[in-house]
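Below are the chains, spelled out letter by letter.
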Amino acid sequence: MTGGPITVAGVTVEPGERRDLSPSASESYTGDRTTLPLAAINGAEDGPRVFVTAAVHGDELNGIEACRRLLDLLDPADLNGAVIVVPIVNVLGVQIVSRYLPDRRDLNRAFPGSHTGSMAARIARLVTDEVIDGSDLGIDLHTAANHRTNVPQIRVAAGDEVATAHAVTFGAPFVLTAKLRPGSLRAVAHEMGVPVLTFEGGQPLRFDEDAVEVAVRGTLRVMQRIGMIDDAPPPSHDSPMVLAESRWLRADRGGLLELHCGIGDHIDPEQPLWTTTSPLGEERASVSASDEGYVIGATTLPLVQPGQALLHVALPGNRLPAEDDPTEEEDEDPDELDGD
Ligand SMILES: [Zn+2]
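All values reported here derive from a predicted model rather than from experimental measurement.

**Quick notes on the overall build of the protein chain**
Looking only at helices and strands, the protein chain has seven helices and 20 strands in total. In summary, the protein chain has a C-alpha radius of gyration of 20 Å against a globular reference of 20 Å for 340 residues, a match within 12%. On the principal axes, the C-alpha backbone points of the protein chain span a range of 70 × 50 × 30 Å. By residue count, 54% of the 340 residues in the protein chain fall in the buried class. Within the structure as shown, the protein chain displays about 14000 Å² of accessible surface, and the carbon and sulfur contribution to it stands at 48%.

**A word on the packing of aromatic side chains**
Going through the model one piece at a time under the given rule, you end up with two aromatic pairs. Its guanidinium or amino end placed over the ring of Trp248, Arg148 lies 5.8 Å from that ring's centre, counting from NZ or CZ.

**Structural notes on the domain arrangement of the protein chain**
Interfaces are often described in size by the accessible area the parts lose on coming together. Entries for the protein chain in the domain assignment read domain 1 (6–225) and domain 2 (243–317). Contacts between the two partners involve 12 residues from domain 1, matched on the other side by 17 residues from domain 2. The junction of domain 1 with domain 2 conceals about 1200 Å² of combined surface from both sides, 60% of it contributed by carbon and sulfur atoms. When the area that domain 1 buries against domain 2 is broken down by residue, the three leading residues are His147, Arg148 and Phe174, summing to 42%. If you look at where domain 1 meets domain 2, you find zero salt bridges. At the boundary of domain 1 with domain 2, the tally comes to eight residue pairs in polar contact (both at pLDDT 80 or more). Mapped by element, the contributors of at least two residues to the side of domain 1 that touches domain 2 are β10 (148–156) and β11 (174–177). By residue number, the principal contributor to the side of domain 1 that touches domain 2 is β10, which donates six residues.

**Quick word on the nonpolar core**
Ranked by size, the top nonpolar core spans 37 residues in total, and within it Val83, Leu141, Ile154, Phe170, Leu197 and Phe199 carry the most contacts. Element by element, the count of residues in this core is highest for helix α6 (residues 209–225), at eight residues. In contact with Leu197, other than residues within four places in its own chain, are Gly138, Ile139, Asp140, Ile154, Arg155, Val156, Ala163, His166, Ala167, Phe170 and Val222. Counting 35 residues, the second largest nonpolar core, distinct from the first, contains Ile64, Ala110, Val127 and Val188.

**With respect to helix α1 (residues 62–73)**
It helps to recall that an α-helix has 3.6 residues per turn; residues three or four apart then point in one direction. With 12 residues, α1 should cover 16 Å at 1.5 Å per step; its first-to-last C-alpha distance of 17 Å lies within 8% of that length. Taken together, the buried positions of α1 are occupied by Asn62, Gly63, Ile64, Glu65, Ala66, Cys67, Leu70 and Leu71.

**A closer look at a negative patch on the surface**
On the surface, Asp75, Asp78, Asp230 and Asp231 cluster together into a patch of negative charge. By secondary structure assignment, the location of Asp230 is in the loop between α6 and β13 (241–250). Asp230 gets classed as exposed once you look at its relative accessible area, which sits at 65%.

**Looking at the pairing of strand β17 (residues 283–288)**
Of the strand pairs in this sheet, strand β16 (residues 272–277) and β17 are connected by five bridges, and their pairing is antiparallel. Paired with Trp274 across the two strands is Val287, which belongs to β17. Here β16 folds back onto β17 in antiparallel fashion, the turn holding five residues, of which Gly281 has a positive phi close to 100°.

Reading guide: rules and limits
Throughout this document, residue positions are counted from 1 along each chain, in the order its sequence is written. Reporting of local features is limited, given that this is a predicted model, to residues whose pLDDT is at least 70; pairs of side-chain atoms are given and counted only at 80 or more, and all residues count toward the totals for whole chains, interfaces and linings. Hydrogen atoms and water are omitted, and side-chain values are computed over all heavy atoms in the structure. A run of DSSP states H or I qualifies as a helix once it reaches four residues; a run of E qualifies as a strand once it reaches two. Both are numbered from the N-terminal end. In this treatment the radius of gyration is a C-alpha quantity, and the globule benchmark scales as 2.2 Å times the residue count to the 0.38 power. In this scheme, a residue with accessible area under 20% of its type's maximum is buried, one over 50% is exposed, and one in between is partly exposed, where area comes from a 1.4 Å probe on protein chains only. The Shrake-Rupley method, run with a 1.4 Å probe, gives the accessible areas here. Residue values count only the displayed protein chains as cover. Two aromatic rings from Phe, Tyr or Trp, using only the six-membered ring of Trp, form a pair when their centres are within 6.5 Å; if the ring planes differ by under 30 degrees the pair is stacked, by over 60 it is edge-to-face, and anything between is tilted. Here, a charge over a ring means that NZ of Lys or CZ of Arg falls within 6 Å of the ring centre while also lying within 35 degrees of the ring normal. In this entry, domain limits derive from an automatic or database-based domain assignment. Residue contacts are counted whenever heavy atoms from the two residues lie within 4.5 Å of one another. Here the quantity called buried area is the total loss of accessible area, with a 1.4 Å probe, experienced by two parts when brought into contact, counted for both. Should a side-chain nitrogen of Lys or Arg be within 4 Å of a carboxyl oxygen of Asp or Glu, the pair is scored as a salt bridge. In protein, a polar contact means a hydrogen-donor-capable atom and an acceptor-capable atom, both N or O and within 3.5 Å, with residues adjacent in sequence counting only if both atoms are side-chain atoms; elsewhere, any N or O pair within 3.5 Å suffices. Only buried Ala, Val, Leu, Ile, Met, Phe, Trp, Tyr and Cys residues count toward a nonpolar core, and they belong to the same one when joined by side-chain atoms within 4.5 Å. By this rule, a helix spans an expected 1.5 Å times one less than how many residues it contains. In this scheme, patches are assembled from residues that exceed 30% relative accessible area and form no salt bridge. Like charges are connected within 9 Å, while nonpolar side chains (Val, Leu, Ile, Met, Phe, Trp, Tyr) are connected within 5 Å. Counted as positive: Lys and Arg. Counted as negative: Asp and Glu. His and the chain ends are not counted at all. To locate a charge, the coordinates of NZ of Lys, CZ of Arg, CG of Asp or CD of Glu are taken. DSSP bridges decide pairing: two strands pair if at least two such bridges lie between them.

So, in structure tokens, the structure goes:
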């Protein structure tokens, strides 16, 4: 069955065609148009419509590179359905190398947005209308926030069995059920009936080869799962661990930090987690784990103060085979810390 034309941002894309579009997202101080980079790939054959978005936070660069590689791999002649790729959603944040928009708003709290609201609201509205609306599934690519790194992981809404099944196919080492944050792309898409996999991997302002590769492979694997492409690479991780709850462990003493574990590590009760010393070598704190868990995120800053979040630890759930369908966040802090 041949698919029909699709219309994205007012442009008709015929079956078997890719169109690179640049809808207006904002304007610069000098009055020039600031555009959203968007590739619309309409497959030769009919199928689902999927979107891939990255850099909703402007300092989270791994997804930008993942989108570039994906676009290189996707051929409309061999595609069933349509893929909308937006490598940079927060175009204003990227220009100033910032997680936030120039007015300090978080774009991932501005969805669904409005045509008459803030900078964030207007960009969110454009993405809601032209990218999310009409899609069957979305993949939103993130990294950890400033001075932190995340092990590659997929976050899905608790109880969203469709998204969880896709997340396991994705093949990142971990799947975390995380609450829907009001105003986030994922929450609004969920309300619109569009399941979204939020990918987290690596740290801001860097390309992390492992995280980029997990994101590319995983996206292709999900596309294969829903019949859009014939072949996909093997999973980055054979048996993703599904994790239910997570929390940040915080420092009680200030000083120089030595972590005794890293992202992806399994930790047991009583296992040493970190030591804090003064610059003159006095040991200030030696902290051990109270529970079993997996380290899914960690600070990258070796200097700590009381209250600073050091390790993001999630509790183990059920280990699921990669191809099975499983049946089965206080104030600004967790949001900032997680990178989502
Ligand atoms: Zn993010």
